[in-house]
Amino acid sequence: GTVASRTRGFLGGASPNPGNNIIEKLQIATTGSSVNFADMQKKRYTNANHSNQTRGLFMGGYVTPAYDSQIDYFTMATQQDAIDFGDVDVNTGFNAGGGNTTRGLLFGGANMTSTVKGVTIQTLGNTQDFGTLTNARNGSPAGCSSSTRVLIAGGNLQPSNSKTGNIEFYTTVSNGQSQDFGDLTASRSYGLGGCGDHVRATFGGGYTPTQVNIIDYVQFATAGNAKDFGDLQSVKRGCVAVSSAHGGL
């Protein structure tokens, strides 16, 4: 999973079993390889992620041999290992993450397919219920945030487990139910990467049921179907994505 400030991007955890607990850092404005930054508390993957300008959160995920509820956080300006923030109130993974500068939210996923849960980023504690999704989904949908909206795209609809191209939006500043936004150019799940700025959201890669190199985009403020943005250089499943505006900043 990935989180970011305006200058730094961070990648935490990975598959396959048993995952890893490494947090790597890269400078967004400068090309070059990532460097080791710190460690998560546990080896995990398929965790939901969100950040504001100071803190990064890794929420839930698969910790062999089962889903986990732990939330880690770290301070992005200070090189030290992640520490305990609280817990998701169910064991979960394969969620979408999003939010704004004050709320970190996770959507759908294992054991909470239609649920929106979240925390206040600056206050340690367990998640609270914030609302519901219109379309229950699992299978690693992608989340992408502006300052007021989170878009949740793709994944596997429940209970049919069929891949979807549906995009929903959730208004971050108020509790409630998500609403329909539009559709991706292709239905896909499992590792669809999402990132953007305050204007556009982009979604890349995923599984259709073959791995794909598609990149779609939408305008946060205007509901409608996604349009083609371009292509990744190779087909990707299990994509992660990061930008200098990630996290609704």
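The structure presented is a predicted model; accordingly, all values stated were derived computationally and were not measured. (Residues numbered from 1 in each chain as written. Predicted model: local features only at pLDDT ≥ 70, side-chain atom pairs only at ≥ 80, totals over all residues. Heavy atoms only, no water.)

S.K.: Which residues make up the nonpolar core, and what values do they have?
M.R.: By size, the foremost hydrophobic cluster in this structure holds 14 residues, and its most contacted members are Leu 151, Ile 167, Ala 201, Phe 203 and Val 218. The set of elements that each furnish at least two residues to this core consists of strand S14 (142-145), strand S15 (149-153), strand S17 (166-171) and strand S21 (200-204). Not counting chain neighbours up to four residues away, the residues in contact with Ile 167 comprise Leu 151, Ile 152, Ala 153, Gln 179, Asp 180, Phe 181, Gly 182, Asp 183, Leu 184, Val 218 and Ala 226. Core analysis: the next-biggest nonpolar cluster, separate from the first, contains 11 residues, Met 59, Val 88, Val 119 and Ile 121 among them. (Core = buried A, V, L, I, M, F, W, Y, C linked by side-chain atoms within 4.5 Å. Buried < 20%, exposed > 50% of the residue type's maximum accessible area, 1.4 Å probe, protein only. Helix = DSSP H or I, 4+ residues; strand = E, 2+ residues; numbered from the N terminus. Contact = heavy atoms within 4.5 Å.)

S.K.: Quick one: what's the story with the state of the cysteines, residue by residue and with numbers?
M.R.: According to the stated counting rule, one finds 0 disulfides in the structure shown. Not part of a disulfide, Cys 144 finds its nearest cysteine sulfur in Cys 195, a span of 6.2 Å. For Cys 195, a relative accessible area of 13% puts it in the buried group. (Disulfide = S-S within 2.5 Å.)

S.K.: Residue-level account of the sheet that holds strand S9 (residues 96-99), with values.
M.R.: On the basis of which strands lie adjacent, the open sheet formed by 5 strands has the order S9-S10-S11-S12-S18 and mixed pairing. Either end of the sheet is taken by a strand with one partner, and the two such strands are S9 and strand S18 (176-177). In this structure, strand S10 (residues 103-107) lies alongside strand S11 (residues 115-120), joined through 5 bridges in antiparallel fashion. When the bridges of S11 are listed, Phe 107 appears paired with Val 116. (Pairing = 2+ DSSP bridges.)

S.K.: Describe the packing of aromatic side chains, naming the residues involved and giving the relevant values.
M.R.: Counted under the stated rule, the structure contains 12 aromatic pairs. Both rings, one in Tyr 62 and one in Tyr 67, keep their centres 5.3 Å apart while their planes meet at 90°; by these two values the pair is edge-to-face. Exposure remark for Tyr 62: the relative accessible area of 19% places this residue in the buried category. What makes Tyr 67 partly exposed here is its relative accessible area of 27%. Residues Phe 94 and Tyr 190 carry aromatic rings whose centres are separated by 5.8 Å and whose planes lie at 85° to one another, so their mutual orientation is edge-to-face. Separated by 96 residues along the polypeptide, Phe 94 in the loop between strand S8 (83-92) and S9 and Tyr 190 in the loop between strand S19 (179-183) and strand S20 (193-196) bring together distant segments of the chain. For Phe 94, a relative accessible area of 18% corresponds to the buried category. For Tyr 190, a relative accessible area of 27% puts it in the partly exposed group. Taken together, the aromatic side chains of Tyr 45, Tyr 62, Tyr 67, Phe 94 and Tyr 190 make up a single cluster linked through ring pairs. Geometry around Phe 169 places Arg 149 over its ring, the cationic atom sitting 3.9 Å from the centre. (Phe/Tyr/Trp six-rings, centres within 6.5 Å; stacked < 30°, edge-to-face > 60°. Lys NZ or Arg CZ within 6 Å of the ring centre and 35° of its normal.)

S.K.: For the side chain of Thr 127, give the residues involved together with the corresponding values.
M.R.: By the element assignment, Thr 127 lies in the loop between S11 and strand S12 (128-132). In this structure the side chain of Thr 127 is engaged in a polar contact, spanning 3.2 Å, whose partner is the backbone nitrogen of Asp 89. With sequence-adjacent residues up to four places away left out, Thr 127 is seen in contact with Ile 71, Asp 87, Val 88, Asp 89, Leu 106, Lys 117, Gly 118 and Val 119. (Polar contact = N/O pair within 3.5 Å; in protein donor to acceptor, adjacent residues only side chain to side chain.)

S.K.: An account of the pairing of strand S22 (residues 212-219) is needed here, citing residue identities and associated values.
M.R.: Across the 8 residues that make up S22, a large majority, 6, are buried. With 5 bridges joining them, S21 and S22 adopt antiparallel strand pairing. In the strand pairing of S22, Arg 200 is matched with Gln 219.

S.K.: I'd like to hear about the pattern of salt bridges, residue by residue, with values.
M.R.: With the rule as written, the count across this model stands at 7 salt bridges. Here Lys 42 ties to Asp 68 by a salt bridge, and the two come within 3.1 Å at their closest N and O atoms. Note that Lys 42 is positioned in strand S4 (residues 35-44) and Asp 68 in strand S7 (residues 66-75), a separation of 26 residues in sequence. The exposure class assigned to Lys 42 is partly exposed, which follows from its relative accessible area of 28%. One salt bridge in this structure joins Lys 117 and Asp 89, with 2.8 Å as the shortest N-O distance. In this pair, Lys 117 sits in strand S11 while Asp 89 sits in strand S8, placing the two residues 28 residues apart along the sequence. Classification of Asp 89 as partly exposed rests on a relative accessible area of 43%. (Salt bridge = Lys/Arg side-chain N within 4 Å of Asp/Glu carboxyl O.)

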